[in-house]
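The chain contents come next:
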Amino acid sequence: MILSTNHLTKAFGVTEILTDVSFHLEAKEKVALVGANGAGKTTLFHILRGHYPADGGSLYIQKGLIIGYLPQTAELQSDERIEDELLKVFEPLRRMEEKMRRMETEMKDNPSAELMEQYARLQASYERQDGYAYRSRVRGVLKGLGFAENEYTLPITYLSGGQKSRVALSKLLLQKPDLLLLDEPTNHLDIEAIQWLEEYLASFSGAALIISHDRYFLDKICTRTIELERGVTHIYSGNYSFYVQEKEARTKAALREYEAQQAEIKRQEEIIAKLRSFSQEKFIKRAQSREKVLERMDIIEKPITYEDAMHFTFTPQILSGEDVLTAHDLAKSFETKPLFHHVNFLIRRGEKIALLGANGTGKSTLFKMIMGQEQADSGQLLRGVKVYPGYYDQEQQSLSDEKTALEEICDAYPQMTLGQVRNVLAAFLFRGDDVFKPIRTLSGGEKARISLCKIMLSESNFLLLDEPTNHLDILSREVLENNLLGYEGTLFFISHDRYFINRVATKIFVLTPDGIQVYLGNYDEYLAHLQAEKEVETPAPEKVASAEKTNYMQKKQSAAALRKLRAQVRNAEAAIHEQEEAIQALDEAMLLPENYQSAAAYRKLEEEKAAASENLDALYVEWESLVQELEAAETNENA
């Protein structure tokens, strides 16, 4: 156990945030911290890292434990370039490098035994701290989190907020603390970067406590879930999906207990009223006795449930034709930068399609072209009969700050009764007095829910949603998913939320610079398609542009060269993996008593590790060269 809390409490003024927080963390485990927005998750992080004191309870942190914290919005201030900022993490190693260089110069002029012994000790320490690999680690983390090589030298002061957050995450991962406190680490990451982070955390030797709205990410990483609700923690021994199932069962059981107690209270109150109605002393004493029993009763709090928010069906007023949208050979560029070309697809009525693709491929641009806000350079977009699109762009929500949530919907749809409007708002988690809150006082997630509610009530029968789950907490995402599952129109959406894609999508479009690839099914089925393609990967048949034999032979040779390069890259990656495992085995051997107690055995292992580390560096250089050669060859082939 590296950390534990026991009955922690925290309040700000008269507002209680945490009332009974009790849990523990063990070394190496990855744990999810979930709860509604405002439940106190970030406050708890601040207490764990010593930024806030707890008002009550106890907190144990293992002596010497190094805690690394990533805030939801990382305010990284630096005048350095990206790569130089990350290299600061390894400043002790860089100083050792400088000292080794100075000693090497001195040994040329004065190769004394004492100086050589000092150099050997310094070099051994440098090797033990992976000094030969830290620059490769920096570049590996930058590449994994989505930075292109030409961005490594960008000044941090010129970066966007999202880019600064990625740099802050990169720096934190390179520091390798004993415990990571990660507050929404997947914000600002595309799907490929999130997958890389999943792999990194899965092999991370420390522990991690993670706040995230990315349920797919929590499922992949976490083996335990801590829920924070009404200031109290509840522990679930599984990932997010396990938590959802177990939570539902617990809530149903708690609701039965609550209803049974309420029924008993009502029965006792009726008996007390009946006894008092007799106006006789003996009956009044009996009534008072029962009242005392009620006063001593531990009242069960009603469990929070949102089941009635899950069953609202949104039906477009007008039925579209069977073919909703057809794209013929679309192409789009901005100035000299091409986004995509040869984009062809057909969307049919009732389909729910997720549009995937790397950042910068033009997904949002394609949506704007469909809405007529951007023009294609070439090609056609043909809208079907009676198709009325509605566009949700999280950056352009048309809400009136002075109106309440109720007024916003009532004014937009005057034909609806007050009861209908309140039912619809309840389907988006606006209940009771929440409907009277002015729009200006709502959070970003609440405004997003109002905007999504408006667009689903509109005459649109073809919804285009650009990142609809951004700003939404987990409960809001689940409500939106259920409402979209019951939507009877056609849905086309962009999202990085793989859990959301999994639940809603019936088809996947992947936008690339060369067109759109279509996959049937949800996100997991899409991944299965990709895996199957890898397993049966065979060279594509040569496309002969002319009957001339020379041209045919050139293409054949080019394809063979590409296959050879790809094989060389795979072999280099396998060799790197094998070498890294060998170094890890040497590290483990150096920790064995029979080795570290023997100077000769330990020195031999050090020499073997030094040689292995040098070989690993050479393998990385070879791999980078092969990858660059392959990328150039593929570019020429596509051209």
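Residues numbered from 1 in each chain as written. Predicted model: local features only at pLDDT ≥ 70, side-chain atom pairs only at ≥ 80, totals over all residues. Heavy atoms only, no water.

Side note on the overall build of the protein chain
For clarity, the threshold we go by: Secondary structure elements are defined from DSSP: runs of H or I of at least 4 residues count as helices, runs of E of at least 2 residues count as strands, and each element is numbered from the N terminus. Each residue gets one of three labels from its accessible area relative to the maximum for its type: buried under 20%, exposed over 50%, partly exposed in between, using a 1.4 Å probe on protein chains only. The contact definition used throughout considers only heavy atoms, calling two residues in contact when any of these lie within 4.5 Å. In these tables, accessible area is a Shrake-Rupley quantity obtained with a 1.4 Å probe, and a residue counts as shielded only by the protein chains included in the view. None of His or the chain ends enter the tally, which takes Lys and Arg as positive and Asp and Glu as negative. Each charge is placed at NZ for Lys, CZ for Arg, CG for Asp and CD for Glu.
A tally of helices and strands in the protein chain yields 20 helices and 18 strands. Each principal axis of the C-alpha atoms in the protein chain carries an extent, and together these give about 110 × 75 × 45 Å. Residues counted as buried form 44% of the 639 residues belonging to the protein chain. Pairs at least 24 apart in sequence give 68% of the contacts found in the protein chain among residues at least 6 apart. Of the accessible surface of the protein chain, which amounts to about 33,800 Å², a share of 49% is contributed by carbon and sulfur atoms. Taking the average location of the 76 positive side-chain charges in the protein chain and that of its 99 negative ones, the two points are 4 Å from each other.

Topic: the nonpolar core
Note the following rule: Residues belong to a common nonpolar core when they are buried Ala, Val, Leu, Ile, Met, Phe, Trp, Tyr or Cys residues joined through side-chain atoms within 4.5 Å.
Counting residues in hydrophobic clusters, the biggest one holds 98 residues, and the most contacted among them are L201, I210, L356, F428, L465, F493 and I508. With 7 residues, the single largest contributor to this core is helix α14 (residues 444-457). Ignoring anything within four residues of it in the chain, the contact list for L201 reads K30, L180, L182, I210, F217 and I221. Of all hydrophobic cores here, the second largest spans 24 residues; its members include A327, V343, I370 and F509.

Regarding the pattern of salt bridges
Applicable threshold: The term salt bridge refers to a side-chain nitrogen of Lys or Arg lying within 4 Å of a carboxyl oxygen of Asp or Glu.
Here the structure, examined in full by the defined rule, presents 36 salt bridges. As a salt-bridge pair, R215 and E481 come within 2.4 Å of each other at their nearest N and O atoms. With R215 in helix α8 (residues 215-221) and E481 in helix α15 (residues 474-485), this pair connects stretches of sequence that are 266 residues apart. Since its relative accessible area comes to 0%, R215 is described here as buried. For E481, a relative accessible area of 0% puts it in the buried group.

Observations concerning empty space enclosed by the protein
Just so we agree on the cut-off: The pocket and cavity definitions rest on a 1 Å grid over protein atoms only: a 1.4 Å probe that fits but cannot leave marks a cavity, an open set with protein on both sides within 12 Å along at least five of seven lines marks a pocket, and residues lining either have an atom within 4 Å of a point. Grid points are joined across faces, edges and corners, and a volume is the space filled by probe spheres set on the points. Any residue outside Ala, Val, Leu, Ile, Met, Phe, Trp, Tyr, Cys, Pro, Asp, Glu, Lys and Arg is labelled polar, Gly included; the first ten of those are nonpolar and the last four are charged.
Across all of its chains, the model carries 2 cavities of 30 Å³ or more by this definition. Volume-wise, the largest cavity comes out at about 60 Å³. Residue lining of the largest cavity: L70, P71, Q72, S165, R166, L169, D183, E184, P185, N187 and H188, and that is the complete set. For the lining of the largest cavity, the per-class residue count stands at 4 nonpolar, 4 polar and 3 charged. Considering the residues around the second largest cavity, the lining is formed by A124, E127, R128, M590, E606 and K609. Put simply, the parts of the chain that give the lining of the second largest cavity at least two residues each are α4 (113-128) and α20 (599-638). Among the elements that take part in the lining of the second largest cavity, α4 stands out by supplying 3 residues, more than any other. Class assignment of the residues belonging to the lining of the second largest cavity gives a composition of 2 nonpolar, no polar and 4 charged.

Regarding the layout of surface pockets
Size it by volume and the second largest pocket reaches roughly 2,200 Å³. Looking at the second largest pocket, it is lined by 41 residues, and the ones nearest its centre are E192, T512, Q517, L530 and K534. Secondary-structure elements contributing two or more residues to the lining of the second largest pocket are α7 (191-203), β11 (337-348), β12 (352-356), β17 (507-512), β18 (515-520), α17 (523-535), α18 (549-590) and α20. It is α17 that contributes the most residues to the lining of the second largest pocket, 7 residues altogether.

Points about the confidence of the model for the protein chain
Using the following cut-off: Along the chain, pLDDT gives the predictor's confidence residue by residue, from 0 to 100.
Here the protein chain averages 84 in pLDDT, while 93% of its residues score no lower than 70. Every residue in residues 541-550 scores below 50 in pLDDT, and together they form 8 contacts with partners more than four places removed in sequence or on other chains.

Here we look at unusual backbone geometry
Residues other than glycine seldom take positive phi values, yet D329 does so here, at roughly 55°. Its place among the elements puts D329 in strand β10 (residues 323-334). D329 sits in the partly exposed class, given a relative accessible area of 37%. The phi torsion at L429 lies on the positive side, around 70°, for a residue other than glycine. Take L429: it is sitting in the loop between α13 (418-427) and α14.

Some remarks on the sheet that holds β17
Threshold: Note on pairing: two strands pair once DSSP finds at least 2 bridges between them. Comment: axis = line fitted to C-alpha atoms, over the contacting stretch for helices; angle = value between 0 and 180 degrees taken between N-to-C directions.
The mixed open sheet is built from 6 strands, whose spatial order is β14-β15-β16-β12-β17-β18. For this open sheet the edge positions go to β14 (389-393) and β18, each flanked by a neighbour on one side alone. Taken pair by pair, the neighbouring strands of this sheet meet at an average axis angle of 20°, ignoring direction. Of the pairings in the sheet, the one linking β14 to strand β15 (residues 462-466) comprises 5 bridges and is parallel in character. Across the sheet, the residue bridging to Y392 is L465, located in β15.

As for the state of the cysteines
Threshold: Cysteine sulfur atoms are paired as a disulfide whenever they come within 2.5 Å of each other.
All chains considered together, the criterion is met by 0 disulfides. C453 carries a free sulfur, and the closest cysteine sulfur to it, the one in C410, is 11 Å from it.

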